[in-house]
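Report on the structure
Chain by chain, the residues run as shown.
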Amino acid sequence: MLISSRSQRLRSAAIATPVASSRTKTLSIAISIALLGVVSASVGAQSAASVVVATDAAPSAPAIPTIPAASPTAQIVAPTTQPPAAVSPLGLPAVVPTPLGVTTQKLAIEEPARVVQPSVAPAATSVSSETLLIAPNDVAPIIVNELPATPQNAAAAPIIVPPPSDLWDRIRAGYAMQDLEDPLVGKWEKFYATRPDYMARIVDRSGKYMFYIVTELERRGMPLEIALLPMIESAFNPIAHSSAKASGIWQFIPSTGTAFGMKQDWWADSRRDIVAATNGALDYLTKLHGMFGDWQLALASYNWGEGAVGRASARAKAAGRDGTYLTLNMPDETRNYLPKLQAVKNIIRDPAAFGLTIASVPNEPYFKTITLSHAIDLKKAAQLAGMTEPDFIALNPAHNRPVIAGRGDFQILLPADKADVFLSRLEADERPKVSWMAYKTRAGDRIDTLASRFGTTIDALKSVNGIRSPAAVLPAGYHLLVPSDGPSADALGSIQNAVFTKFPEYVAPRAHRVRKGETFAGIAKRYGIAPATLAKWNRMGKQSARAGQLLYISGPAPTRAAKGGRYVKAKRGNNSVRKAGGKAVKRAPVKKKSR
């Protein structure tokens, strides 16, 4: 479309203040408000248009000129690298959005642009509804239809390009962090590029979680390369567990997980929950970015801790450096942390440059969240969803037990294409939803007896309940999960209403007072342990028992230090033996917490 020059005579009204003072000045501007075409019957095939140009100060109510359809002084120039695919009814190049929904067109205006205000169209004239905003600084164009589509204005509808089908394109378009210039980046690029199978496994795992992560990042306005961070933290393994007790794809340690709302109990560990851990990780990173105002320092803090990074930055500034990431003295792990992320970022940006092929990830939700009103076996849920147990656990890795229970609600994640099938099958299935029920231990209960009673093995019963103690006799008052082929209504109510507690890894020693007539071998048999084990626990060289003697039957007898630290007093049945030696150290049993 051409705009009339200053030398041409306008048919009506005044002309607005020019935007530029030079006839040759070229403005780089992007399209974002509207074109108004007024077509008159008397004009025939000739069309007129008004261009609205954004300025700092709007002129006061100028009259509307009629601009001839052709003028040599101002012309919209399409990008030279890619000609427009279509032309609008007014002769403008069609606006083709990028994967984010927008693209930038540049206008070379040789004549100072004029601000024109539209007037009310005559009743006999039809008005086009397509509007175009031309704004400075290469703002991406957005075309808006202000009137309903009609046969008269249908041709003016904008060309809408759908979002990218590949999620990696969406991530690439959302890179927003400054690239890290560091020799270590090349080292890690080579590491990942020479391990194509490893990268393929990571990409395959990430496909289940990436859409949710990217959506949350966009909602919070965060750089989309952060979605690649679990590749560095856990290789997107949802059950990854480090020596520092960090867990899940975002690798939260217990204390930080608790601080960001991730419950960890006998039933489940929410650090492995995909939704809870992702939300917690992004909350934490947002907090760190607010502290440092720098994404590189925020990510370093995620790995090393905000206190450590804050102190290292302060020391760097005191030494005359600027305190940014590359100027910090830090552990090797943190020193390599961002170079790893930058390497993965570069590979995802251009896999072919590294000789890799990255499998496409659909840009659509992978899973849906289903909230159940009752407990259900993991195996049962997987069957109803038509999934294998490993695939089901990949989406629901937080559960520590074979039953989804123990909390106020029972949420599971299912592939989006299986959710409806699951719900319909669940409603039609009248069989019990759990095959494990609650059992409260009584005094004298033995693990082997319970296993036999409930038709399972000792190893299975220990595994499902997290029992690591070698003791055969279980302490009273603890709730266990025990199998049931067809649990009754009472059993179902028991598992839903029971207050489960953690089964301790260490069981405090229990004592047995020998009664008259009891033998050492008989006592060992009663408690299901070998006589040699009973003797060892009681530090006895001879396997004998007498009335009134105190024997420890569920673990070694405690060892105590005497006052002054010069002697160790050890229990041997009813006898106390004083051993001479160096400085004694009191060693109390350490009670570990089970996961």
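Before reading further, recall that the structure is shown in the block above.
Below or above, wherever it landed, is the structure these notes cover. As the structure is a prediction and not an experimental result, all values here were calculated from the model.

As a further point, take the pairing of strand β15 (residues 479-483). Within β15, five of the five residues are buried, which leaves it mostly tucked inside the rest of the structure. Here β15 shows a buried face lined by His479, Leu481 and Pro483 and a second buried face lined by Leu480 and Val482.

Here we take up the pattern of salt bridges. Counted by the stated rule, this structure contains 16 salt bridges. Close ionic contact of Glu216 with Arg219 constitutes a salt bridge, the shortest N to O distance being 2.8 Å. Remark: Arg219 and Glu216 occur in helix α4 (residues 210-220); sequence separation between them is three residues, near one turn of the helix. By relative accessible area, Arg219 is classed as exposed at 57%. As a salt-bridge pair, Asp283 and Arg220 come within 2.6 Å of each other at their nearest N and O atoms. Linking Asp283 in helix α7 (residues 274-292) with Arg220 in helix α4, this pair joins segments that are 63 residues apart in sequence. Take Arg220: its relative accessible area is 26%, and that puts it in the partly exposed class. It is possible to trace a salt-bridge network through shared partners that takes in Asp179, Glu225, Lys345 and Arg349.

Following both chains from N to C, one finds helix α2 (residues 183-193) and helix α3 (residues 196-206) inclined at 85°, their axes separated by 6 Å at the closest point. Classed by the angle they form, the pair α2 and α3 counts as roughly perpendicular. Taken together, the residues of α3 that come into contact with α2 (itself represented by Phe191, Tyr192 and Ala193) are Pro196, Tyr198 and Met199. For the contact of α2 with α3, the residue count by class is six nonpolar, no polar and no charged.

To continue, consider the environment of Glu333. Residue placement: Glu333 occurs in helix α10 (residues 332-349). Exposure remark for Glu333: the relative accessible area of 57% places this residue in the exposed category. Note: C-alpha distance between Glu333 and Asn303 (30 residues apart in sequence) is 8.2 Å. Of note is the side chain of Glu333, whose polar atom sits 3.0 Å from the side chain of Asn303.

What follows is about the packing of aromatic side chains. Counting across every chain of the model gives 10 aromatic pairs. Geometrically, the ring pair formed by Trp188 and Phe191 is edge-to-face, given 5.1 Å between the ring centres and 70° between the ring planes. Of this pair, Trp188 and Phe191 both sit in helix α2, three residues apart, roughly one helical turn. Residue Phe191 is classed as partly exposed on the basis of its relative accessible area of 26%. Taken together, Trp188, Phe191, Tyr192 and Tyr198 form an aromatic cluster joined through their ring pairs. A cation over a ring is seen here: Lys340 above Trp188, with NZ or CZ 4.6 Å from the ring centre. Stacked on the ring of Tyr175, the Lys or Arg Lys345 has its end atom at 5.1 Å from the ring centre.

Looking now at the nonpolar core. General note: in soluble globular proteins, nonpolar side chains tend to be found buried as a group. Counting 92 residues, the largest nonpolar core has Trp168, Met210, Trp250, Leu285, Tyr302 and Phe422 as its most contacted members. When residues no more than four places from it in sequence are discounted, the contact partners of Met210 are Leu167, Trp168, Ile171, Ala227, Leu228, Met231 and Phe236.

Here we take up helix α8 (residues 295-304). Across the 10 residues that make up α8, a large majority, nine, are buried. Restricting attention to buried positions, one finds in α8 the residues Trp295, Gln296, Leu297, Ala298, Leu299, Ala300, Ser301, Tyr302 and Asn303. Looking at the packing, one finds that the buried side of α8 touches α5 (229-233), α7, α9 (306-318) and α10. Directly beyond the C-terminal end of α8, a positive phi value near 110° is found at Gly305.

Calculation notes
Residues numbered from 1 in each chain as written. Predicted model: local features only at pLDDT ≥ 70, side-chain atom pairs only at ≥ 80, totals over all residues. Heavy atoms only, no water. Buried < 20%, exposed > 50% of the residue type's maximum accessible area, 1.4 Å probe, protein only. Helix = DSSP H or I, 4+ residues; strand = E, 2+ residues; numbered from the N terminus. Salt bridge = Lys/Arg side-chain N within 4 Å of Asp/Glu carboxyl O. Axes fitted to C-alpha atoms, helices over the stretch in contact; angles between N-to-C directions. Parallel < 35°, antiparallel > 145°, perpendicular 65-115°, else oblique. Contact = heavy atoms within 4.5 Å. Nonpolar A, V, L, I, M, F, W, Y, C, P; charged D, E, K, R; others polar. Polar contact = N/O pair within 3.5 Å; in protein donor to acceptor, adjacent residues only side chain to side chain. Phe/Tyr/Trp six-rings, centres within 6.5 Å; stacked < 30°, edge-to-face > 60°. Lys NZ or Arg CZ within 6 Å of the ring centre and 35° of its normal. Core = buried A, V, L, I, M, F, W, Y, C linked by side-chain atoms within 4.5 Å.

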